[in-house]
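For reference, the chains in residue letters:
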Amino acid sequence: MRSRLLLPAILFCLAIAMLLHSPRPLAQAPRPAPAAKADSAKETRLAWFRDAKYGLFIHWGLYSIPAGEWKGTRSLGLGEWIMFRMPIPVKEYEPLAAQFNPTKFNADEWVKLAKDAGMKYIVITSKHHDGFAMFHSKASKYNIVDATPFKRDVLKELADACARQGIRLGFYYSQSQDWHEPNGAGNTWDFGPDEKKNYDEYLRGKAEPQVKELLTQYGPVALIWFDTPRMMTEERAQRFANIVRELGPNTLIDGRLGTEGDYVSTGDNVIPTQSSGEAWETPATINHTWGFRKDDTDWKAPGTIVFKLVDIVSKGGNYLLNVGPTSEGMIPPASQDVLRTAGRWLQVNGEAVYGAGATPFGEELGELSKTLKDVRGQPMGFASTDWRYTTKPGKLYVTFFAEPRVPFVLPPMKNTVTRAYYLGGDRGAVPVKVRTENGHAVLDIERPIPDPIASVVVVELSGTKVEPIR
């Protein structure tokens, strides 16, 4: 007991002594700390990302050939995980490369789809966990040019198409898991436990060289989307970060490398319940899988996609929505239709999305349960889905997903409302009546609202920033 009492006193005395004897710098003009400089560089890199808001994710590889079925047996789970789920030995999975001949692939059509959908950037799998590279790699012959009858570098064609059509391109790269390599993480059915592998031999011999290839062979790279950082110590992750910073100083690093990236990547299909000032992105599926499965045609409705996009933007994030092309190189037509329908909504209402700031309020998002937890152990959110707020200087955007049945009272704020109107469309900027009631600005929304998917009312305000009254 006595030693427990003495220990805090000893630690306190040591701390005082260190303070008294620490050298003190001479007074001088303040200089930016290294951390401040790093934050400034990070924000410069993030500028386009914060404005873009909406991107196309593409999961494509050899797994599109079995498409969720192996030797007549349906594989459970995600299409791109079939090698792991069944599990399939390398000697049986590898011959799929000889069958991969996606003659219907057209890079310009894929980029045009992204633009029609209103997306501002594309991220495609350059190598997923199965270890197969969708580009010409000198680090491994297990790639689309050297190992398939197709013999075309689809990343090069996509990079050229993106450059022609003015859209940013980034690459997903599975740095940790590689089920094809004896020393890569994940394949325990062929190569034994991960902890007994020479993991750094795999990283230095394949993963790091391939990331260097991606950063030097395809023009400006918007971002590298790393994933599942198994066995990625801080030192290992930092090696990748150093490669990116050296070869692509403006290239973003996502949140799944194993060290701090430029922005936060949420869990798959996870949308936070509250807003955040930190840059973040939700990767999401348009059905229930990332890589193509022939039995998954449960596409999200265009209205669902529009809501998720605006909901994410209202919380300060980006929406990266996935499609899984077939082994022939076709993005399923049904998913194309969904994306283009949502894109037509954005052509009219994109002002409320691109470059827009998060809600200045938050009460409209719903509330968190004080007792219930979700499947991830987080407080369960009870979302309200009737409307969302986004902002730009001097403007508050109210996106209605449900038709107001009574006059809509704006939250209390110091700003004065100068006018309100619906965003464009065939009828132009249709005015919305604004009045004051009990000191609050009230919108009189006529029924029916113009767009059954969602209608956006622009509220113009005094001042540049919305100032809520708490």
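A.B. asks: Any chance you could explain the packing of helix H5 (residues 107-116) against helix H6 (residues 154-165) here in plain terms?
C.D. replies: When two helices pack together, their arrangement is captured by the angle between the axes and the distance separating the axes. Between H5 and H6, the shortest axis-to-axis distance is 8 Å and the interhelical angle comes to 50°. With respect to H6, the element H5 is oriented oblique. The element H5 and its partner H6 pack so that their crossing is right-handed. Residue-level contacts link Ala-107, Asp-108, Trp-110, Val-111, Lys-112 and Lys-115 of H5 to Glu-157, Leu-158, Ala-161, Cys-162, Arg-164 and Gln-165 of H6. Within the contact of H5 with H6, the residues separate by chemical class into six nonpolar, one polar and five charged.

A.B. asks: Honestly, the sheet that holds strand E4 (residues 121-127) in this entry has me stumped. Any pointers?
C.D. replies: Where strands meet in a sheet, backbone hydrogen bonds hold them as pairs that are either parallel or antiparallel. Within the open sheet, the eight strands sit side by side as E7-E6-E5-E4-E1-E10-E9-E8. Their pairing is parallel. At either margin of the open sheet sits one strand with a lone partner, and together these are strand E7 (252-253) and strand E8 (264-265). Together, strand E1 (54-58), strand E9 (280-285) and strand E10 (317-323) form the strand contacts of helix H10 (residues 302-314), whose direction differs from that of E10 by roughly 150°.

A.B. asks: Just to check I follow, could you spell out the environment of Pro-325 for this structure?
C.D. replies: Among the secondary structure elements, Pro-325 is positioned in the loop between E10 and helix H11 (333-349). Residues contacting Pro-325, with those up to four places away along its chain left out, are Ile-58, His-59, Trp-60, Ser-64, Trp-110, Phe-292, Met-330, Ile-331 and Pro-332.

A.B. asks: Help me understand the environment of Lys-141 in this model?
C.D. replies: If you trace the backbone, Lys-141 turns up in the loop between E4 and H6. Beyond its immediate stretch of four places on either side in the chain, Lys-141 contacts Asp-146 and Ala-147.

A.B. asks: Would you mind going over the pairing of strand E13 (residues 387-392) with me for this structure?
C.D. replies: For a regular strand, side chains alternate in direction, first toward one face of the sheet and then toward the other. The sheet contact formed by E13 and strand E14 (residues 395-400) spans six bridges and is antiparallel. Its bridge partner lying in E14, Thr-391 is registered against Leu-396. The hairpin formed by E13 and E14 contains two residues between the paired strands, and Gly-394 there has a positive phi angle of roughly 80°.

A.B. asks: Honestly, the environment of Ala-107 in this entry has me stumped. Any pointers?
C.D. replies: By the secondary structure assignment, Ala-107 is in helix H5. For Ala-107 and Cys-162, which are 55 residues apart along the polypeptide, the C-alpha to C-alpha distance reads 8.4 Å. Sequence-distant contacts of Ala-107, that is, excluding residues within four places in its chain, are made with Glu-157, Leu-158 and Ala-161.

A.B. asks: What am I meant to see in the side chain of Asp-178 here?
C.D. replies: Considering the arrangement of structural elements, one finds Asp-178 in the loop between strand E5 (168-173) and helix H7 (188-191). Here the side chain of Asp-178 touches His-180 through a polar contact of 3.1 Å, landing on its backbone nitrogen. Within the structure, the side chain of Asp-178 is placed 3.3 Å from the backbone nitrogen of Glu-181, a separation counted as a polar contact. If we ignore the near neighbours within four places in the chain, the residues touching Asp-178 are Lys-127, His-129, Asp-130, Gly-131, Gly-184, Ala-185, Tyr-202 and Lys-206.

A.B. asks: Sorry, what's going on with the side chain of Ser-455 here?
C.D. replies: Among the secondary structure elements, Ser-455 is positioned in strand E19 (residues 455-461). We classify Ser-455 as buried; its relative accessible area is 3%. A polar atom in the side chain of Ser-455 sits 2.9 Å from the backbone nitrogen of Asp-451.

A.B. asks: Would you mind going over the packing of aromatic side chains with me for this structure?
C.D. replies: Here a ring pair, both rings aromatic, is described through the centre-centre distance and the interplanar angle of the planes. Following the criterion strictly, the structure yields 27 aromatic pairs and no others. Judged by centre distance (4.8 Å) and plane angle (85°), the ring pair of Phe-105 and Trp-110 falls under edge-to-face. Take Phe-105 and Trp-110: they sit in the same class, and that class is buried. Put simply, the rings of Trp-48, Phe-49, Tyr-121 and Tyr-263 pair up and form one aromatic cluster. Sitting above the plane of the Tyr-354 ring, Lys-120 keeps its charged end 4.4 Å from the centroid.

A.B. asks: Teacher, can you tell me more about the pattern of salt bridges here?
C.D. replies: Once their charged atoms are close, side chains differing in charge can pair, the charge on each being opposite to the other. Following the criterion strictly, the structure yields 33 salt bridges and no others. Here Asp-262 and Arg-245 are joined by a salt bridge, their closest N and O atoms 2.7 Å apart. Note that Asp-262 is positioned in the loop between E7 and E8 and Arg-245 in helix H9 (residues 234-247), a separation of 17 residues in sequence. Look at Asp-262 and you get buried, because its relative accessible area is 3%. A residue is classified by how much of its surface remains accessible, and Arg-245, at 29% relative accessible area, is partly exposed. A salt bridge links Lys-395 to Glu-351; its shortest N-O distance comes to 3.1 Å. Of this pair, Lys-395 sits in strand E14 while Glu-351 sits in the loop between H11 and strand E11 (366-373), placing them 44 residues apart in sequence. Overall, Lys-395 belongs to the partly exposed group, its relative accessible area being 22%.

About the criteria used
Residues numbered from 1 in each chain as written. Predicted model: local features only at pLDDT ≥ 70, side-chain atom pairs only at ≥ 80, totals over all residues. Heavy atoms only, no water. Axes fitted to C-alpha atoms, helices over the stretch in contact; angles between N-to-C directions. Helix = DSSP H or I, 4+ residues; strand = E, 2+ residues; numbered from the N terminus. Parallel < 35°, antiparallel > 145°, perpendicular 65-115°, else oblique. Left-handed = near helix turned anticlockwise from the far one by under 90°. Contact = heavy atoms within 4.5 Å. Nonpolar A, V, L, I, M, F, W, Y, C, P; charged D, E, K, R; others polar. Pairing = 2+ DSSP bridges. Polar contact = N/O pair within 3.5 Å; in protein donor to acceptor, adjacent residues only side chain to side chain. Buried < 20%, exposed > 50% of the residue type's maximum accessible area, 1.4 Å probe, protein only. Phe/Tyr/Trp six-rings, centres within 6.5 Å; stacked < 30°, edge-to-face > 60°. Lys NZ or Arg CZ within 6 Å of the ring centre and 35° of its normal. Salt bridge = Lys/Arg side-chain N within 4 Å of Asp/Glu carboxyl O.

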